[in-house]
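# Report on the structure
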Amino acid sequence: MPQKNELPALAVSLVLTAALLGGGGWWLKNNVFGTDVQLPGGNSPGTVNTGQNGGSRGDSSSAGNVAGADGTSGRSMLPGSPSATKQKGLEALAAGDYAGAQVEFTAALAESRNDPESLIYLNNAKIGSAASHVLALSVPAGATLNPALEMIRGVAQAQTDINEAGGISGVPLKVLIVDDQGDPDTAAAIANELVNNKDVLGVIGHYSSDVSLAASKVYEAGQLAMMSPTSTAVKISDAGDYIFRTAPSDRLATATLARYVRNTLKQSKAAVFYTSDSTYSNSVKSEFTTELLTSGGQVVIDFDITAAGFSAGRAVQSAKEAGAEVIMLALTTATADTALQIISVNQGELPMVGGDGLYNPKILDVGRANAEGLTVAVPWHILSHEQAPFVKDSRQLWGGDVSWRTAMAYDAATTFANAIAQGGQTRQGIVEALSATGFSAEGATDTVRFLPNGDRNQPSQLVQIVPGPRSGSGYDYAPVK
């Protein structure tokens, strides 16, 4: 039971969380992140799209089959019910009526411009049965829809740009969308199917570090390149020769945060909150501890939020008693509720920093004034690149701002396209191109270059929660000046 002195703060957090559940769709509606968003889809959460050319879905408890993941299953990969127009497009694509599918998906996008799945299937319908280069995109649609949509938007925009420019050496790009449910076992099973599908030249994914690590073993053994746009745990650096990522690792992110704590906040003692069941969270905790120590500071106490009897109120009080001057939230998207409890209890007393898992609309919507000043390390932010063609095109395409996850997914797709152009149509040729000294590809706003271990050679960027109108909550993430 919470101690008495933390009950008011926790009560506020619970009330605000309830309010979020009642109306928390604002992030997609106002900040595509954009406007006029309709949540598209057809599958129930937790299922995998299966079947070929309209075949049955199969047992949702199994990993399923990636056949039909190009849209020819007749079903949406996303949870929820698709519009009637979109469903007609899916059925036409499944029947091989490519012209009809183009008409329906074009109409579906006119109804809901923010549906990236419809854009990918429209692009695939334009290709029809013609020769194509094939990439797979694995997202956690059945588990965490918002990040999945962010990733799909990036790949959809890249596919559109590539094909409208004439394809890859004259051959268009086709994209398969698969749902790994954010589950390591499901992802590994899907990875095995993708390895065995010889048409697939590379895989964009997965979302979380734990899922990427589980799938990477299969890709490495099967010699199929995987490129994650969002997994940042340091362990991925050692996953193998076929594993790449377009988001910089936690080592770079935490170094940026440690410098901020020491040089900008002028503080040296930190308390770290983490979750021991997450590879990403452990990675951020470990790397931040090392980087802060290297820069002359120290972590004076840490808290595992999964420990029995954990109390946000008691933990924050213990942190203060231990002399902590800064709170570091090494938490994940899945533990946002606990992060909000800590933010609520702290009430802005100690400055707070965090990894990219804290770049979350829920933090803005529920944390509000208590979250103001929270500084987070992310790979990219749109306000730092407002004049870039990618940003202008994305706003026109989606009707609003896109996130770092969209930009990094775009980079993964365009980087694969560049490697295909250099390495031909073989998986090995693509990996050799990606691994070559001096390889580079033009990304959304920055050039993509890899370190020898497959990590992206690019620093992280700091953003801070400030009052603002962009998200619709009254607070926004903005670059730290």
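Before any of the text, the structure's been laid out above.
A quick note: this is a predicted structure, and the numbers were derived from the prediction, not measured. (Residues numbered from 1 in each chain as written. Predicted model: local features only at pLDDT ≥ 70, side-chain atom pairs only at ≥ 80, totals over all residues. Heavy atoms only, no water.)

Looking only at helices and strands, the protein chain features 16 helices and 14 strands. Looking at the 481 residues of the protein chain, the share that counts as buried comes to 58%. Taking contacts inside the protein chain between residues at least 6 apart in sequence as the whole, the part at least 24 apart equals 67%. Of the roughly 17,600 Å² that the protein chain leaves accessible, carbon and sulfur atoms contribute 49%. (Helix = DSSP H or I, 4+ residues; strand = E, 2+ residues; numbered from the N terminus. Buried < 20%, exposed > 50% of the residue type's maximum accessible area, 1.4 Å probe, protein only. Contact = heavy atoms within 4.5 Å. Areas by Shrake-Rupley, 256 points an atom, 1.4 Å probe, with all protein chains shown as cover.)

Strand order in the open sheet formed by 5 strands is β2-β1-β3-β4-β5, and the pairing between neighbours is parallel. On the outer flanks of this sheet lie β2 (173-179) and β5 (243-245), each paired with one strand and no other. Averaged over all pairs of adjacent strands, the angle between their axes in this sheet comes to 25 degrees, without regard to strand direction. Across 2 bridges, strand β3 (residues 200-204) lies against strand β4 (residues 226-228) in parallel orientation. (Pairing = 2+ DSSP bridges. Axes fitted to C-alpha atoms, helices over the stretch in contact; angles between N-to-C directions.)

Per the counting criterion, the structure on display carries 13 salt bridges. Across the pair E150 and R405 runs a salt bridge whose closest N-O atoms are separated by 3.4 Å. Of the two residues, E150 is situated in helix α6 (residues 145-164) and R405 in helix α15 (residues 404-423); the sequence distance between them amounts to 255 residues. Assessed through its relative accessible area of 2%, E150 is described here as buried. (Salt bridge = Lys/Arg side-chain N within 4 Å of Asp/Glu carboxyl O.)

We now examine unusual backbone geometry. Between G205 and H206 the backbone carries a cis peptide bond, its omega angle lying at 5 degrees. Following the sequence through the fold, H206 ends up in the loop between β3 and α8 (209-222). Residue Q181 is not a glycine yet carries a positive backbone phi of 60 degrees. Of note, Q181 is situated in the loop between β2 and α7 (184-196). A positive phi is found at Q223, a non-glycine position, where the angle reads about 55 degrees.

In this section: the packing of helix α5 (residues 116-127) against α6. Interaxial distance between α5 and α6 falls to 8 Å at its minimum, and their mutual angle equals 30 degrees. The pairing of α5 with α6 is recorded here as roughly parallel in orientation. Viewed along their axes, α5 and α6 form a crossing whose handedness is left-handed. Only L149, I152, R153, V155, A156, Q159, T160 and N163 of α6 make contact with α5, whose side of the interface consists of P116, E117, L119, I120, N123, N124 and I127. (Parallel < 35°, antiparallel > 145°, perpendicular 65-115°, else oblique. Left-handed = near helix turned anticlockwise from the far one by under 90°.)

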